[in-house]
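# Per-entry structural report
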Amino acid sequence: MWQYTEKVMDHFLNPRNIGEIENPDAVGTVGSLQCGDMLKLTLKVKDEIITEARFKTFGCASAIASSSALTELIKGKTIQEALSITNRDITEYLGGLPQQKLHCSVMGQEALESALKDYFEKQGKEMPPREEYLVCKCFGLTNKDILTCVERHQWKTLEDVTSGCKAGSLCGKCKGEIQNLLEHYHGDTVIREQKEK
Ligand code: FES
C-alpha cells in the first residue's frame, strides 16, 4: 500500500479541471492506453496567458492527482512561466509522491511540454529552449537536479552520478545526456580556471 499525502488523496478524490476544452489552443498527449497510463492536456491561451487547462487521464491515483495538480499550477500562468514548470513543481505541490510513483509527475511535465510545443507550432514559432528540463525520466531528475549534485560532490564520471543520485541507473537511456552535462560542467570549469591564471 502506497503512502500518499493528504493533498494527493484530495486531488485524486476531487480532481480539478477534468475534461477536454473545445477548440483548444494547445493539446499535449503522452502515454497510450495500451501501455496503461495516458494523459491528454488541453489549454486555452489568451494574450500569452493560460486561461484554462483541462485533463483526461487514464492511470492510477498518483497519475490523476499529478494531472490535477498540473492544471492548477499552470492556470493563470504566462506561456513563458509555464516553460519553467517541472515535475518537481508537481510533486512539491502535492506534498511529495512515493519514489515509485514519481513517473506520474514526469508524465505531467511531458504532457505540458507536448502542449507547449503544440502551442508554438500553431503560432508558427519555435519553442524556446527550457532552462530546466527532464534528463532522467526513471527518477524524475532534471538537468538542474543533476548539476547541483555534480557541483556539490564534484562528481566527475558517469559512474559517480549513477551511484550517487541513481540518474541513469535504471533503463540507462539518459546516460548520453548525463555525459553531456558532465562534459559541459567540467569544460566550463577548465575554461574558467584557465582564464583566472
Ligand atoms: S531515463 Fe534515466 S535511467 Fe531511465
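Starting from 1, residues in each chain are numbered consecutively following that chain's sequence as written. A pLDDT threshold of at least 70 governs which residues receive local features in this predicted model, and a stricter bar of 80 or more applies before side-chain atom pairs are shown or counted, although totals over entire chains, interfaces and linings include all residues.

Think of it this way: any DSSP run of H or I at least four residues long counts as a helix, any run of E at least two long counts as a strand, and we number them from the N terminus. Looking only at helices and strands, the protein features 8 helices and 5 strands. Ordered by position in the sequence, the α and β elements of the protein form the string α-β-β-β-α-α-α-α-β-β-α-α-α. Projecting the C-alpha coordinates of the protein onto the three principal axes gives extents of approximately 60 × 45 × 30 Å. Counting contacts in the protein only where the partners sit at least 6 residues apart, residues at least 24 apart contribute 59% of the total. Note that contacts rest on C-beta atoms placed from the backbone: two residues are in contact if these are within 7 Å.

Read from one edge to the other, the open sheet built from 3 strands follows the order S1-S2-S3, with strand pairing classed as antiparallel. With one partner strand each, in any of the chains shown, strand S1 (26-31) and strand S3 (49-58) form the two edges of the open sheet. Mean inter-strand twist for the sheet, computed between neighbouring axes without regard to direction, equals 15°. A fitted line through C-alpha atoms serves as each axis, taken over the contacting stretch for helices, and the angle formed by two N-to-C directions is quoted from 0 to 180°. Its contacts with the sheet place helix H2 (residues 61-74) against strand S2 (38-46) and S3, and it is angled at close to 175° to S3. Only strands joined by at least two bridges in the DSSP assignment are considered to pair.

As annotated, the domain borders come from an automatic or database domain assignment. Along its sequence, the protein is organised into domain 1 (6-122) and domain 2 (134-196). Between domain 1 and domain 2, the C-alpha centre-to-centre distance is 27 Å. Listed by partner, the interface residues are 8 residues for domain 1 and 5 residues for domain 2. Within the residue set of the side of domain 1 that touches domain 2, elements represented by two or more residues are helix H4 (87-93) and helix H5 (102-122). Among the elements that make up the side of domain 1 that touches domain 2, the one with the highest residue count is H5 (5 residues).

Bridge count for S1 against S2 is 6 bridges, and the pairing is antiparallel. Bridge pairing in S2 links Val-27 to Thr-42. The pairing of S2 with S3 spans 9 bridges and is antiparallel. Bridge pairing links Lys-44 to Glu-52 in S3. Two successive antiparallel strands, S2 and S3, enclose a turn made up of 2 residues, where Asp-47 displays a positive phi of approximately 50°.

The next thing to look at is the environment of Leu-13. Assignment of secondary structure puts Leu-13 in helix H1 (residues 6-13). Leu-13 sits 49 residues away from Ser-62 along the chain, and the two C-alpha atoms are 11 Å apart.

Orientation of helix H6 (residues 143-153) relative to helix H7 (residues 158-165), taken along the N-to-C sense of each, is 105°, at an axis distance of 11 Å. Taken together, the axis directions place H6 and H7 in an arrangement best described as roughly perpendicular. Together, Ile-146, Cys-149, Val-150 and His-153 of H6 and Val-161, Gly-164 and Cys-165 of H7 make up the contact between the two elements. When the residues that make up the contact of H6 with H7 are grouped by side-chain class, the tally is 5 nonpolar, 2 polar and no charged. An angle below 35 degrees is read as roughly parallel, one above 145 as roughly antiparallel, one from 65 to 115 as roughly perpendicular, and any other as oblique. Three residue categories are used. Nonpolar comprises Ala, Val, Leu, Ile, Met, Phe, Trp, Tyr, Cys and Pro, charged comprises Asp, Glu, Lys and Arg, and polar comprises the others, including Gly.

Moving on to the confidence of the model for the protein. Caution is warranted with low-pLDDT regions, since their predicted coordinates should not be read in detail. The pLDDT value tells you how sure the predictor is about a given residue, anywhere from 0 up to 100. Model confidence for the protein is summarised by a mean pLDDT of 91, while 94% of its residues fall at 70 or above. Note on residues 190-197: pLDDT is under 50 here. Beyond four places in sequence and across chains, it has 0 contacts.

Moving on to the nonpolar core. Throughout this description, the term nonpolar core refers to a group of buried Ala, Val, Leu, Ile, Met, Phe, Trp, Tyr and Cys residues whose C-beta atoms join them within 7 Å. Think of it as a crowd count around each C-beta: if 20 or more other C-beta atoms lie within 10 Å the residue is buried, if 12 or fewer it is exposed, and in between it is partly exposed, with C-beta placed from the backbone throughout. Counting residues in each nonpolar core, the largest one holds 46 residues, and the members touching the most others are Leu-112 and Ala-167. When residues in this core are grouped by element, the largest group, 9 residues, is from H5. A domain-level breakdown of this core finds at least three residues from each of domain 1 (6-122) and domain 2 (134-196). When residues no more than four places from it in sequence are discounted, the contact partners of Ala-167 are Val-135, Cys-136, Phe-139, Leu-141, Ile-146, Val-161, Thr-162, Cys-174 and Ile-178.

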